[in-house]
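Here is what each chain is made of, one letter per residue.
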Amino acid sequence: MALRQILHDGDPTLRKKSRPVTKFDDRLQMLIDDMLDTMYASDGVGLAAPQVGVLRRLFVIDLQDEKGPYVMINPRFIKQEGTQIYSEGCLSVPGLFGDVERPERLTIEAQDRNGETYTLDAEELLAVCICHEYDHLDGILFKDKVKGELHSQ
Ligand code: CO
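Calculation criteria
Residues numbered from 1 in each chain as written. Predicted model: local features only at pLDDT ≥ 70, side-chain atom pairs only at ≥ 80, totals over all residues. Heavy atoms only, no water. Helix = DSSP H or I, 4+ residues; strand = E, 2+ residues; numbered from the N terminus. Donors = N, O, S within 2.8 Å, 3.2 Å for Na, K, Ca; no water. Buried < 20%, exposed > 50% of the residue type's maximum accessible area, 1.4 Å probe, protein only. Pairing = 2+ DSSP bridges. Axes fitted to C-alpha atoms, helices over the stretch in contact; angles between N-to-C directions. Contact = heavy atoms within 4.5 Å.

## Remarks on unusual backbone geometry
No. 1: Look at the link from G68 to P69: it is a cis peptide, with omega at -5 degrees.
No. 2: For P69, the position within the fold is in the loop between β2 (58-61) and β3 (70-81).
No. 3: One non-glycine residue with positive phi stands out, namely Q64, at about 60 degrees.
No. 4: The residue Q64 is located in the loop between β2 and β3 in this model.
No. 5: Its identity is not glycine, yet E124 carries a phi of approximately 50 degrees, on the positive side.

Structure follows, in structure tokens:
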């Protein structure tokens, strides 16, 4: 396991669309472990592969509750309901925060690190995080969707 460098806003890799994960091999397991380590070391609650320069459709989330960490590979939204507004930040946009509107509840289908497909119902902060990380896979940053102004703290 190792820490990976997190790309910052302005790096063109963050704006590219990621491709599906096709090989669930040792290299993928190492990437996932490195992403988890990097996320924890940075006090983040989520990290997407393009943030560490890998243009593949996967992300990790850990809200530091009893349920995580989540590993979501090739995710696909099944359902989205309602709206909520949450002040988001991002390890790739350090020090800046802003209000973003997201669904209040969602259902997502994804593969786990072994390639097994599962579905997950999420609401509140977990739903926010899933949408935020999913956007990274399509080259979208939260700051693109901020209502009002970006602010520090
Ligand atoms: Co982010």
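## A short note on the coordination of the cobalt ion
No. 1: Within the first shell, the cobalt ion binds the protein through C90 (SG), H132 (NE2) and H136 (NE2), at distances of 2.1 to 2.3 Å.
No. 2: Between consecutive donors of the cobalt ion, the numbers of intervening residues give the motif C-x41-H-x3-H. With H132 and H136 both in helix α2 (residues 124-137), this residue pair falls four residues apart, about one helical turn. H136 matches H132 in its accessibility class, with the two residues each being buried.

## Let's talk about the sheet that holds strand β4 (residues 84-90)
No. 1: Judged by pairing direction, the sheet is antiparallel, and its three strands sit side by side in the order β4-β5-β8 without closing on themselves. Where the open sheet ends on each side, the last strands, each with one partner, are β4 and β8 (147-151). Strand-to-strand twist across the sheet, computed as the mean angle between neighbouring axes with direction ignored, equals 20 degrees.
No. 2: Summarising the sheet, β4 and strand β5 (residues 93-102) pair through six bridges and their orientation is antiparallel. Counted as the bridge partner of S87 is D99 from β5.
No. 3: Docked against the sheet, α2 engages β4 and β5, running at close to 55 degrees with respect to β4.

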